[in-house]
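Residue-level structural notes
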Amino acid sequence: RHSQIKVRLLGQPRDRSFVVMVTKEPHCLRQILEDLKEGEIAGRISAVFSNHDTLRPMAEEAGLPFIHFSNPDRNQRDQEILDKLDELKPDLIVLARYMQILPPDFVSRWPSKIINIHPSLLPYHPGPNAYRQAFEKGRRVAGCTAHFVTAELDEGPIILQDVFHIAVGEDTLDDVKRKGQALESKVLSKAVQLYMNDELVVKDNKVVFKPGFDFFKKHHEL
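Residues numbered from 1 in each chain as written. Predicted model: local features only at pLDDT ≥ 70, side-chain atom pairs only at ≥ 80, totals over all residues. Heavy atoms only, no water.

Moving on, we come to the sheet that holds strand β7 (residues 158-165). Pairing is mixed in the open sheet, where 7 strands are placed in the order β3-β2-β1-β4-β5-β6-β7. Only two strands of the sheet have a single partner each, and these edge strands are β3 (66-68) and β7. Adjacent strand axes in the sheet meet at a mean angle of 20° when their direction is disregarded. Bridge count between strand β1 (residues 17-22) and strand β4 (residues 92-95): 4 bridges; the pairing is parallel. Across the sheet, the residue bridging to M21 is L95, located in β4. Packing of helix α3 (residues 74-88) onto the sheet brings it into contact with β1, β2 (44-50), β3 and β4, and relative to β2 it is tilted by some 170°. (Pairing = 2+ DSSP bridges. Helix = DSSP H or I, 4+ residues; strand = E, 2+ residues; numbered from the N terminus. Axes fitted to C-alpha atoms, helices over the stretch in contact; angles between N-to-C directions. Contact = heavy atoms within 4.5 Å.)

Shown next as structure tokens:
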């Protein structure tokens, strides 16, 4: 009798951790939780941080600590977050539609360790309202970008990008947002997988997949 043994080789131990930072939108956190449950992402979530209490039920249902940073003073709130990160010492910080801009001194503390999802194909449509811009300009293709966060807004090294099609004249703005959010979830979760599985490096301000790793073969579907 022959038994099949599935061996997963990782560059680093599976006990690494990451923190997920959210605001109100649930789709990216939901996808990450699902992929963790399926064993697609190495490591664990040590906590979910938020500047709102909206997603507490989702985090707590998954058995995760949820920390609401409610200080109205922006500088003090950022410092409280940094203090908690210093305590937890995560290997990665994931901005899962965290709708706040991190100050440069925050980012400098965690170089190439903060991943964000942006709702456009950077460098096109940086900043807020990217789907509205694509919709109003009649774009037939839009997309999203998972990238490392740097002091320059939406200009960090790109990890992954993917696209969806817009039926101009048929799709409403809500249709565009719905398509975009579905793609955001998958692209961000895949970027987290790549980082936590130790399958990428940053060289010369570019993300490079490690030698011998065929991204397009292994991840042909996002």
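Residue placement: Y131 occurs in helix α5 (residues 130-136). Overall, Y131 belongs to the buried group, its relative accessible area being 8%. Considering only alpha carbons, one finds Y131 and L173, 42 residues apart in sequence, at a separation of 7.6 Å. (Buried < 20%, exposed > 50% of the residue type's maximum accessible area, 1.4 Å probe, protein only.)

Attention now goes to the packing of aromatic side chains. To describe a pair of aromatic rings, you give the distance between the ring centres and the angle between the ring planes. Enumeration according to the criterion identifies 3 aromatic pairs in this entry. Each ring, one from F49 and one from F69, has its centre 5.0 Å from the other, and the planes form 65°; the classification is edge-to-face. Placement of F49 in strand β2 and of F69 in the loop between β3 and α3 is noted, with a sequence separation of 20 residues between them. What makes F49 buried here is its relative accessible area of 1%. A ring pair is formed by Y131 and F164, whose centres lie 6.1 Å apart and whose planes are at 65°; its orientation type is edge-to-face. Placement of Y131 in helix α5 and of F164 in strand β7 is noted, with a sequence separation of 33 residues between them. With respect to burial, Y131 and F164 carry one shared label: buried. (Phe/Tyr/Trp six-rings, centres within 6.5 Å; stacked < 30°, edge-to-face > 60°.)

Among the 8 residues of strand β6 (residues 141-148), 7 are classified as buried, and the element is accordingly described as predominantly covered. One ladder, built from 4 bridges, connects strand β5 (residues 114-118) with β6; its direction is antiparallel. Note on β6: the bridge partner recorded for N116 is H147. As paired strands, β6 and β7 are joined by 7 bridges and run antiparallel to one another. The residue of β7 that forms the bridge with H147 is I158.

Helix-helix packing is characterised by the crossing angle of the two axes and by the distance between the axes. Interhelical geometry of helix α1 (residues 27-37) versus helix α6 (residues 173-196) gives an angle of 45° and a closest axis separation of 8 Å. It follows from the interaxial angle that α1 and α6 lie oblique. Our pair here, α1 against α6, has a crossing hand that is right-handed. Residues H27, C28, Q31, I32 and D35 of α1 touch α6, and the partners they reach there are Q181, E184, S185, K186, L188, S189 and Q193. A breakdown of the residues in the contact of α1 with α6 according to their chemical character gives 3 nonpolar, 6 polar and 3 charged. (Parallel < 35°, antiparallel > 145°, perpendicular 65-115°, else oblique. Left-handed = near helix turned anticlockwise from the far one by under 90°. Nonpolar A, V, L, I, M, F, W, Y, C, P; charged D, E, K, R; others polar.)

Taken residue by residue, the chain gives an average pLDDT of 89. The fraction at 70 or more is 89%. Confidence drops under pLDDT 50 across residues 1-13; counting only partners more than four residues distant or on other chains, this segment forms 9 contacts. (pLDDT = per-residue confidence, 0-100.)

Moving on, we get to the environment of D86. Among the structural elements, D86 can be located in helix α3. Along the sequence, D86 and R109 sit 23 residues apart, while their C-alpha atoms lie 9.8 Å from each other. Residues contacting D86, with those up to four places away along its chain left out, are R109 and W110.

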